[in-house]
Structures are given as C-alpha cells and as structure tokens.
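If you want the building blocks of each chain, they are given just below.
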Amino acid sequence: MHLTKQEEKMLDGEMGEVAQRSLRLLVRLGEIYGADRMIPVGSVQVAGVSYKSLGDPGLDYLEDIAAKGAKVKVLTFLNPAGMDMENWEEIGFPEEFARNQIRVMEAFRNLGIVVTATCTPYLAGNLPRFRESIAWSESSAVSFSNSVIGARTNREGGPSALAAAICGVTPNYGFHLDENRKPDMVIDVDAELEFSSDYGALGYHVGKLVKNKIPYFKGLKNPNTDQLKALGAAMAASGAVALYHAEGFTPEARDFDVSKLEKISVGKKDIKATYEKLNTGDMPDIVILGCPHASLREISALADKLAGKKLKKPIWICTSRVMKEAAIRMGYVSIIEKAGGRVVADTCMVVSPIEDMGFGTVGVNSGKAANYLPGFCNQKVVFHDVDELVKRCLK
Ligand code: F3S
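Because the structure is a prediction, the values reported are computed rather than measured.

Novice: Would you mind showing me how to read the environment of Lys208 here?
Specialist: Note on placement: Lys208 falls in helix H8 (residues 196–210). Along the primary structure Lys208 and Ala236 are separated by 28 residues, whereas in three dimensions their C-alpha atoms are 9.5 Å apart. With near-sequence residues (within four places) excluded, Lys208 lies in contact with Ser238, Gly239 and Lys277.

Novice: Can you walk me through helix H11 (residues 296–306) in this structure?
Specialist: Since the α-helix packs 3.6 residues into each turn, any two residues three or four apart lie on the same face. Those residues of H11 lying buried are Ile299, Ser300, Leu302, Ala303 and Leu306. With its buried residues spanning 160 degrees around the axis, H11 presents them on a single face. Within two residues after H11, Gly308 carries a phi angle of roughly 75 degrees, on the positive side.

Novice: Just checking my understanding: could you explain the pattern of salt bridges for this structure?
Specialist: Side-chain pairs of opposite charge can arise whenever the charged atoms involved come near each other. Taken as a whole and assessed by the stated rule, the structure comprises 24 salt bridges. Between Lys68 and Glu17 there is a salt bridge; the shortest N-O distance is 3.6 Å. Taken together, the residues Lys68 in the loop between helix H3 (51–67) and strand E3 (75–78) and Glu17 in helix H2 (residues 17–33) connect sequence positions 51 residues apart. With a relative accessible area of 41%, Glu17 lands in the partly exposed category. Residue Glu192 pairs with Lys221 through a salt bridge whose shortest N-O separation is 3.7 Å.

Novice: I keep staring at the domain arrangement of the protein chain and nothing clicks. Help me out?
Specialist: For an interface, size is often stated in terms of accessible area lost upon the parts coming together. Its domain assignment divides the protein chain into domain 1 (5–177), domain 2 (182–276) and domain 3 (279–394). The interface of domain 1 with domain 2 comprises 17 residues on the first partner and 17 residues on the second. For the domain 1 and domain 2 pair, buried surface summed over both sides reaches about 1300 Å², with 64% attributable to carbon and sulfur atoms. For the interface between domain 1 and domain 2, the tally reads one salt bridge. One salt bridge connects Arg131 with Asp255, and the closest N-O pair in it is separated by 3.6 Å. Looking at the side of domain 1 that touches domain 2 residue by residue, the classes come out as seven nonpolar, seven polar and three charged.

Novice: Help me out: how do you make sense of the pairing of strand E13 (residues 361–364) in this one?
Specialist: For a regular strand, side chains alternate in direction, first toward one face of the sheet and then toward the other. Where burial is concerned, the two faces of E13 agree: the one with Thr361 and Gly363 and the one with Val362 and Val364 are both buried. With two bridges connecting them, strand E10 (residues 286–289) and E13 associate as parallel partners. Looking across to E13, one finds that Ile286 is bridged to Val362. The parallel pair E13 and strand E14 (residues 380–383) is bridged by helix H14 (residues 367–377), and the resulting crossover is right-handed.

What counts, and where the lines are drawn
- Residues numbered from 1 in each chain as written.
- Predicted model: local features only at pLDDT ≥ 70, side-chain atom pairs only at ≥ 80, totals over all residues.
- Heavy atoms only, no water.
- Helix = DSSP H or I, 4+ residues; strand = E, 2+ residues; numbered from the N terminus.
- Contact = heavy atoms within 4.5 Å.
- Buried < 20%, exposed > 50% of the residue type's maximum accessible area, 1.4 Å probe, protein only.
- Arc of directions from axis to C-beta.
- Salt bridge = Lys/Arg side-chain N within 4 Å of Asp/Glu carboxyl O.
- Domains from an automatic or database assignment.
- Buried area = accessible area lost by both parts, 1.4 Å probe.
- Nonpolar A, V, L, I, M, F, W, Y, C, P; charged D, E, K, R; others polar.
- Pairing = 2+ DSSP bridges.
- Right-handed = clockwise from strand over helix to strand, strands pointing away.

This is how it looks when you write it as structure tokens:
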C-alpha cells in the first residue's frame, strides 16, 4: 500500500505512540481489504461509547491514550452513551454506572472529540458532503450517510473509527470506491407505508432477505428523512446493509441501470407478517421512541399527541443533546414532561442498562430497536406505530 511521507513518519512513531499504533491498525486493515492507499476523512463518528459495552478495559484504554496526549485530527462525534449525561440521577440510572460513564466521556473530551453522543450526527452538527469520505461506526448512521446523503463510509468498528480520527485518514477500500456502490437487486415495494414503523418493518424484512447486499428500492412514495432513517436502521440491524438506493429519493439511484437485476417483491402481507413477528409482548411497561435518535419533527409530533394528556405508562423519546435544546426552546419538552413523558438525550434504549431499571416489556416503533432489545436488554417487545403506542400508554 502506498503511504505518503507524512504517513511513513507517523508509522515510524515521529508523531507519538498513539498515532503510530492507530496508523498501524489502519494499514493492517487496508492490507486485509486490498486498499491501494490512505484517503483523508472529512469526519468521524466513534461507536463503543456506553460503559455497558466498553467496560473497565475500554475505559482504561481511553484514559491511557488521552493521558499520552493523543488528539483527533478531524471533526469527531460519538455514538450514544449509556445514559443521559445531565439528567441521569433523576431518570434513575445506577450511580456506579454513571460514575464510569462520566469518566468515559471525559476521556473522549480530552482526545478532542465533540461529546455529542448521537446516532444521528448529521442532524446535530456533523453533516458530510455528497461523495465525501468519512469514517463512521454506528450502523444506522453509516446507512443514512452512505444512502441518503451519498457520503462514503465503511461500517467502521469503534477502534478503526478512533484510529481514523487520530490519523485523519482511512484505507481506500469498500464503499469508498465507485465499483462497490452498485445495487445487487431491486426491491419492488407494493404497500402503503404511512408510519416510520412501516418503514422499520420493511427494512427489517428486506435486511433479512438481502443480508449485506445493496438493495435498490422501487415503489417508495415520498418518504421523509425520518422514514428513510428508520428504513436504513432496520436493514442494518436485521441484515448488514450499509448502503441502499431508492429510486427518486437517494442521490446515487439515478446512476444505475437496474433493468437486468434480480427483482424481489414486497407487499402488504410481508409488512403485516413482520409486525407480528417482532411483537413478543403485549402491554409495554414503557414506550421508548427515537431509534435512530429523534429529529425535531419527531419530538414535535409526539408533543402534539401528548398535549393536555396524562400518561399512565411512561414514554421516553431519545435524541441528541442538540435536538433536545431546540425542543426545550420550542416548548415541546415541557409539554411531553407535563404529560409524564421524557425527552432523554445522549443515550438510547439499547445502549443504556434498562434491564436494571425495572422494565421487562418495551414498546418501540423502530425495527432496529425491536431487533436488538430482546438479546441486548432482555426485554419483550411491543412493536407498533407511534399512534398505537401512545394510545396504549394512555389507557
Ligand atoms: Fe441509535 Fe440506539 Fe437505535 S444507537 S439506531 S437509538 S439502537
């Protein structure tokens, strides 16, 4: 693999031990995947932020490299942490967990990473450009940036993303190359999709079918960005789809002639069957929305539904701190809180320790959350559209 003079110096340790080790990891990755060179990245998103997944070894590692003076070279954001960093006590996150999570965030801050912890960094101040190479980790963020924005990223692991942030480069392979962005099959959708959960169900179904291939959707009718993020998140979770195209709606779709590709039809009955399959519970103890992290439009829609009502079961909506601040200013947060709900920032239902907080059945409108909650958090799932979930919490 060709390395620039600067990269060779880095590999020789002239820019410090952490940069040397980081570049070594990237070179190794590049060799495995046949990269010809390193390419600069415009931004990074690092996963593996929750203390729940990092544990003590991860925390020690981060504190160690921060103490050695390592700093990131490009705009770097974080994936959700294990708790709301401001209101953790009030919400009831365990204290020992909180202490460790605060240390994790401090180590990231010392590395120069923006401690905005979100899986929708593109809504919170880290918006890549069309065809810009980036190194992002969280699978729904990878899907959205590749597919809806047309930026270019592989599905990075936490360590390779951190290494890319420290070195400012990533190996040139996979989705950075034109030839690896072509669709593999056409998904012909013949169903009315109204709610984000319908797109989540479609994504869950298609992800199972296509695994890590690149689907090309036909037949989607005017989805908004919230629905596209729900679709991509579910496909990345049930399969390993990191890039999809949607005729008329994603920027690279028009570049391909798909007339000779295999066609798979998806209809109303597939969506219905997916809803049935994802429902493993009946009455939720809590409803948690915002997977991927909610946009301002989704928070405002929830506020509209809860205005003047009193919830019998709690509803949380997870989002980034940036969106929450905007929602506070608009009065949405106070409406939701008056009804007995919460706008929870910095974390989500999958990476926080909800299994230790007395919940056994969670209501979600996200195909991705429905996929992970049973295994990661030992929860039963009620998967439905937001209207039905709100209705069940008012009863
Ligand atoms: Fe984001 Fe957590 Fe869902 S990281 S995509 S809200 S599982």
